[in-house]
Amino acid sequence: MSNEATRVVRQPAAARSPKLKGSLGRMLQDKMREIWRFRLSYLFIAPFLVVFSLFIIIPVFTGVALSFTYFNSIEFPKWAGWMNYQNLFSQDVIFLQHVIPNSFKFALFVGPIGYVLAFVLAWLIAQLPGTLRVWYALAMYAPSLTGGIAMVVVWQVMFTGDRTGYINSFLLKWGLIDQPMLLTIDKDYLLGIMIVVSIWSSMGLGFLAILAGILNVDRTLYEAGRIDGISSRLQEIWYITIPMMKPQMLFAAVMAIVGTLKSGGIGTQLSGMNPTPDYSGQLFMNHIEDFGFTRLELGYASAISIVLLILTILLSRFLWMLLGPKEDE
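What you are looking at is a predicted structure, and each value in this text was computed from that prediction instead of being measured. (Residues numbered from 1 in each chain as written. Predicted model: local features only at pLDDT ≥ 70, side-chain atom pairs only at ≥ 80, totals over all residues. Heavy atoms only, no water.)

Student: When you look at the layout of surface pockets in this model, what are you seeing that I'm missing?
Tutor: It is the rolling of a water-molecule-sized probe over the atoms that shows where space remains empty. By volume, the largest pocket amounts to about 790 Å³. Taken together, 30 residues make up the lining of the largest pocket; nearest its centre are Ser201, Ser202, Gly259, Lys262 and Ser263. Elements represented by at least two residues in the lining of the largest pocket include exactly helix H4 (93-126), helix H5 (130-145), helix H6 (148-159), helix H8 (190-200), helix H9 (205-215), helix H12 (246-261) and helix H13 (265-271). Among the elements that make up the lining of the largest pocket, the one with the highest residue count is H12 (six residues). Looking at the lining of the largest pocket residue by residue, the class counts come to 13 nonpolar, 16 polar and one charged. Taken as a whole, the second largest pocket holds about 560 Å³ of empty space. Considering the residues around the second largest pocket, the lining is formed by 18 residues, among which Val60, Ser305, Ile306, Leu308 and Leu309 are closest to the centre. When contributions to the lining of the second largest pocket are tallied by element, the ones reaching two or more residues are helix H2 (39-66), H12, helix H14 (284-294) and helix H15 (298-323). If one sorts the elements of the lining of the second largest pocket by residue count, H2 sits on top with seven residues. Classifying every residue of the lining of the second largest pocket by side-chain character gives 12 nonpolar, five polar and one charged. (1 Å grid on protein atoms, 1.4 Å probe; cavity = no way out; pocket = protein on both sides within 12 Å on 5 of 7 lines; lining within 4 Å. Points joined across faces, edges and corners; volume = space filled by probe spheres on them. Helix = DSSP H or I, 4+ residues; strand = E, 2+ residues; numbered from the N terminus. Nonpolar A, V, L, I, M, F, W, Y, C, P; charged D, E, K, R; others polar.)

If you want it as structure tokens, here you go:
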């Protein structure tokens, strides 16, 4: 009796297995037919897919795999499980006491201030005539094209720790200080200087996207708005300009977040020290470079990189919720 019941119970499972295999095979065949049918379209997107896979997908999956190993770049990686993440959030004092606070302070100022400043400057430039608009846009965009070393050389003239530095020269002339301050190697000033320099150089692709969005808003909407009662430029910006350029605003916001989180070299270049004095300018990227290229603990550096990647994705999703298109639009 029990054997018959067992056969009755097992028979449907055995009968379903070929059906599942058959349905999976049919799905694959249908997919291959679809790919072959649109083979020309797939051929056109093949270069992007190949490059995206080689430089984005494969490195990300490799980094995720290495983050669970101990890898010193010489020996074959050894499986370590969650040990790298456990050490990062429980034993890495530099990461907990310096890197995280510095990174959030840096991102809190550079990201929002740079984003708002990009919109304000883009709106002001959009009000200019065509020729002036081009030159002013180029002037705002040019600092983002300069390399890190060139950018630091420009700002070192301002913050040099002797009488030749502009800041020290003015403060000494006005009698506010008695002797020059070593601004770029003082832990109390370094992070603030990093924020100022980064905001100055933050008018990049996001700024150009916002400018393009403002210029592409239909001018007839402003005329209709005046008829409906809009009487000031601020009301035009709030009720017409911003709602009509949400895609550009979203792109600029994501670029601001990504650019802010991947910053790091500015502190070491300004101070001339790695790590920065008392870790006062140590950010995520500095910590990754320290473990990856100085200590050669590539598994641990990969774990830090994955944490940074997850943080970037979460912030990007949050921005998408705020500025992305809604289902009812």
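Student: Sorry, what's going on with the packing of aromatic side chains here?
Tutor: Ring pairs (aromatic) are described by centroid distance and by the angle formed between their planes. According to the stated counting rule, one finds nine aromatic pairs in the structure shown. Taken together, a centroid distance of 5.9 Å and an interplanar angle of 85° make the contact between phenylalanine 89 and phenylalanine 95 edge-to-face. What makes phenylalanine 95 buried here is its relative accessible area of 1%. Here a set of aromatic residues connected by ring pairs shows up, and it is made of Phe68, Trp79, Trp82 and Tyr85. If you follow arginine 295 out to its NZ or CZ, it ends over the ring of phenylalanine 291, 4.2 Å from the centre. (Phe/Tyr/Trp six-rings, centres within 6.5 Å; stacked < 30°, edge-to-face > 60°. Buried < 20%, exposed > 50% of the residue type's maximum accessible area, 1.4 Å probe, protein only. Lys NZ or Arg CZ within 6 Å of the ring centre and 35° of its normal.)

Student: Mind showing me how you'd approach unusual backbone geometry here?
Tutor: Among all residues save glycine, negative phi is the norm, and among peptide bonds the norm is trans. Although it is not a glycine, serine 73 sits at a positive phi angle of roughly 70°. For serine 73, the location among the structural elements is in the loop between strand S1 (69-70) and strand S2 (78-79). Of the residues examined, serine 73 reaches a relative accessible area of 35% and is grouped as partly exposed.

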